[in-house]
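Structural overview
What follows is each chain in one-letter form.
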Amino acid sequence: MSSRTFVNKQSQDQASSGFEFFKGVGQVTGATLLSLTLLSSSIAAGGLVGLAISFRNLPDVRQLRSFSPTETTYIYDIKGKLISSIHGEANREVVPLNRISPNLKRAVLASEDGHFYSHQGINPSGVGRAVVVNLAAGGVKEGGSTITMQLVKNLFLSHRRAFTRKLAEAVLAIRLEQILEKNEILEMYLNQVYWGHNNYGVQTAARTYFDKSAEFLTLGESAMMAGLIQAPEEFSPFASMKKAKQKQKEVLGRMLDLRWITQKEYDDALKEEIKLGRIRSFQGSALPYISNTVAQELVKKFGRDTMLKGGMRVQTTVDAKFQMMAESTVSKWHKNLLGQGLRGNQIALVAVDPRTHFVKALVGGVDSRASEFNRATQALRQPGSAFKPFVYYAAFATGKYAPDSTVLDTPVSYRDGNGWYFPRNYDGGFSGAMSIRTALAQSRNIPVIKLGKAIGMNKVVETCRTLGIMSPMEPVTSLPLGAIGMTPLEMASAYATFANYGWQSPATVIVRITDSSGNVLLDNTPKPQRVLDPWASAATIDIMQSVVSSGTGKGADIGRPSAGKTGTTSSEKDIWYVGTVPQLTTAVWVGRDDNRQLSSGATGGGMVAPIWRDFMEQALKGVPSEKFKTPSQFPRPKAN
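Reading the values: rules and limits
Residues numbered from 1 in each chain as written. Predicted model: local features only at pLDDT ≥ 70, side-chain atom pairs only at ≥ 80, totals over all residues. Heavy atoms only, no water. Buried < 20%, exposed > 50% of the residue type's maximum accessible area, 1.4 Å probe, protein only. Helix = DSSP H or I, 4+ residues; strand = E, 2+ residues; numbered from the N terminus. Contact = heavy atoms within 4.5 Å. Salt bridge = Lys/Arg side-chain N within 4 Å of Asp/Glu carboxyl O. Pairing = 2+ DSSP bridges. Axes fitted to C-alpha atoms, helices over the stretch in contact; angles between N-to-C directions. Core = buried A, V, L, I, M, F, W, Y, C linked by side-chain atoms within 4.5 Å. Phe/Tyr/Trp six-rings, centres within 6.5 Å; stacked < 30°, edge-to-face > 60°. Lys NZ or Arg CZ within 6 Å of the ring centre and 35° of its normal. Parallel < 35°, antiparallel > 145°, perpendicular 65-115°, else oblique. Nonpolar A, V, L, I, M, F, W, Y, C, P; charged D, E, K, R; others polar.

1. Some words on helix 8 (residues 201-210)
In terms of burial, helix 8 is largely enclosed, as nine of its 10 residues are buried. Every buried residue of helix 8 is accounted for by Gly201, Val202, Gln203, Thr204, Ala205, Ala206, Thr208, Tyr209 and Phe210. Turning to helix 8, the residues buried within the fold contact helix 3 (102-112), helix 7 (182-192), strand 3 (194-196), strand 4 (199-200) and helix 9 (219-226). Just downstream of helix 8, Asp211 is the residue with a positive phi angle, here 55°.

This is how it looks when you write it as structure tokens:
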């Protein structure tokens, strides 16, 4: 099919009506009105000549004839060893337009610029509609960009939304259309655009999403890919097939409206079975989970464009050899647990230095090649009894309770909506009066719920927020039993704050970032703040030492002082051990991605504590043994 058959035949006289939407829009500033007037009058005249004079200092689009990709961002371990590069040429394979599926070309044009072959760089009706929306909103909310405008924006202009930038896009788009053929512009766009998961250009994207060349994409696959352009991570089928199918339907609907496909083709494409490939974004990374986590942080702090084009040099907090040891440990125990009957198990491990809150190891699954989903930072899983130290800390911080205060493990009931809630212990029995130390060591449920009710569940929520746990939680009666979603990174960071007696820095995997000239863009030198009461923190560590010496965490004994807590959810879907020594805090989680039961009787103490012990014995080899500070070394808070 010829490219020019894509043209919507009903669009021929749109240019003449371009800017009649300004009537009645409202007040605008003189400068804005002047710019809009220039643009509208230029369009009406058919040439943008007046506006072009006002933008003499814009980039010369002729340089696109010899365009080469922008600078690559490099990621290093803490000792300077290269881990990976982002936006290197390995992530893009340029292909000519005749080797790109006609299905994809039509889908992209329908989604992004249905009038591409009939305009001269800008679509007056699209720009005008965007102007109306933007003026009414008091800022730039809608783009109205053609493919040519998007291309010059990506290559030449800041992504900051502003009227002046939109005008510059229009001028550059007109200029570009004067020196390049339409097919050349479309080819450059399809090879330049970002498709998500660090894929640039149609070829690498097609191989990632569907494990095939862009030349052979079906209509269903093409519509799904075209739907990614505006928000690739959000609509990625790897992240949410439901959202990806939703965008696919929108694109196919647009193609049907334009009469570029028939109703049968529309129906068949929606029914088409989508067979996904696999994410290849950090295929060349020595440490994929670290590279993945760093990339997410860079996007948050600097934006995607800067990460991909800015030539940053990123020093991480991890030592490559240490990280590989952690990954090897996880892989070994995955196989071990399979032998124990835990089919389909995944493991996540996060180790944090409590003195700096630097992440020293981060493993997001048992095989990064099979799945790049990072369970260490992205999986919200229930911590079960590993949540209990947060409740006991909150009680200690009131000054009314100490490690040897008495609590009652006796039957109790609470009003729960229209019914009653009867908390139970894991073994189904009750043990009567006991100390807080014993209650935590034996992981009794009734005492921690009673204590949470006594101090107020809002105090528990407040403690979690102070520790940096942002997952949704409500001050309900069952909160102390950990029926909320938390990530292994959140758990490790929170326990590390206890281990540092209330001092905290934001947990990070990045030490420092510079540009390619050595200018510092980000310096994460620790700047700790005391966020918790030191006595209450030390008391929490104190009772967690009893978990190891005489409680459910005996399997985590490493022959030196350590403190920790086992975690097992009631349905045995999530099992944990989170523990610490003064120099290193580590959280280990085991569960299934489908959230099914691991096996009957699976516990954190029985199955996860040994993983923690194995990792810590390797991690602390050659590191001197240290004792924790006792609560008596800090002033106890006054009872309030």
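2. Digging into helix 17 (residues 445-455)
Counting buried residues in helix 17 gives eight out of 11 residues, a clear majority hidden from the surface. Within helix 17 the residues assigned to the buried category are Asn445, Ile446, Pro447, Val448, Ile449, Leu451, Gly452 and Ile455. Directly beyond the C-terminal end of helix 17, a positive phi value near 100° is found at Gly456.

3. A few points about the pattern of salt bridges
In this structure the tally under the stated criterion is 20 salt bridges. Of the charged contacts, one joins Asp574 and Arg381 as a salt bridge, the two residues approaching to 2.6 Å between their closest N and O atoms. Taken as a pair, Asp574 in strand 17 (residues 574-581) and Arg381 in the loop between strand 7 (358-363) and helix 15 (388-397) lie far apart in primary sequence, 193 residues in all. Judged by relative accessible area, which is 3%, Asp574 ranks as buried.

4. Some points on the sheet that holds strand 5 (residues 313-316)
Across the sheet, five strands lie side by side as 2-1-5-13-14; this open sheet has mixed pairing. For this open sheet the edge positions go to strand 2 (82-86) and strand 14 (520-523), each flanked by a neighbour on one side alone. The average angle at which neighbouring strand axes cross in this sheet is 15°, direction not considered. Bridge analysis of strand 1 (residues 73-76) against strand 2 gives four bridges, and the strand direction is antiparallel. Along strand 2, the bridge assignment pairs Tyr76 with Leu82. Helix 12 (residues 288-302) contacts strand 1, strand 2, strand 5, strand 13 (510-514) and strand 14 of the sheet and is inclined by roughly 60° relative to strand 13.

5. Some details on the sheet that holds strand 6 (residues 345-353)
Here we have five strands laid out as an open sheet, ordered 7-6-18-17-16, and antiparallel in their pairing. Only two strands of the sheet have a single partner each, and these edge strands are strand 7 and strand 16 (563-568). Each neighbouring strand pair of the sheet contributes to a mean axis angle of 10°, computed without reference to strand direction. Bridge count for strand 17 against strand 18 (residues 584-592) is eight bridges, and the pairing is antiparallel. Counted as the bridge partner of Val581 is Leu584 from strand 18. Helix 14 (residues 320-339) rests against strand 6, strand 7 and strand 18 of the sheet, and its axis sits at about 35° to strand 7.

6. Notes on the nonpolar core
Judged by nonpolar contacts, the single largest core of 114 residues is most densely connected at Phe390 and Phe615. What Phe615 contacts, discounting residues up to four positions off in sequence, is Phe322, Met325, Ala326, Thr329, Leu349, Ala351, Ala361, Leu584 and Thr586. Counting residues in hydrophobic clusters, the runner-up holds 50 residues, among them Tyr189, Val193, Met224 and Ala231.

7. Structural notes on the packing of aromatic side chains
On inspection of all chains with the given rule, the structure shows 13 aromatic pairs. Seen in terms of ring centroids, Tyr209 and Phe210 are 6.2 Å apart; in terms of plane orientation they differ by 45°. Their pairing is tilted. Each of the two residues, Tyr209 as well as Phe210, counts as buried. One residue, Lys182, lies across the ring of Phe116, its end atom 4.5 Å from the ring centre. The positively charged end of Lys247 is found above the aromatic ring belonging to Phe235, 5.1 Å away from the centroid.

8. Concerning the packing of helix 17 against helix 18 (residues 457-466)
Axis separation between helix 17 and helix 18 bottoms out at 5 Å; the angle between their running directions is 95°. Taken together, the axes of helix 17 and helix 18 lie roughly perpendicular to each other. Counting all contacts with helix 17, which are made through Ile449, Gly452, Lys453 and Ile455, the residues of helix 18 involved are Met457, Lys459 and Val460. Across the contact of helix 17 with helix 18, the residue classes tally to four nonpolar, one polar and two charged.

9. As for the pairing of strand 14
For a regular strand, the rule is simple: side chains alternate between the two faces of the sheet. The pairing of strand 13 with strand 14 spans three bridges and is antiparallel. Residue pairing in the sheet places Thr514 in a bridge with Val520 of strand 14.

10. Regarding the environment of Leu598
Topologically, Leu598 is positioned in the loop between strand 18 and helix 21 (604-619). When the C-alpha positions of Leu598 and Gly344 are compared, they lie 8.1 Å apart, and in sequence the two are 254 residues distant. When neighbours within four sequence positions are excluded, Leu598 is seen to be in contact with Gly341, Leu342, Asn345, Glu572, Lys573, Ile575, Val590, Gly591 and Arg592.

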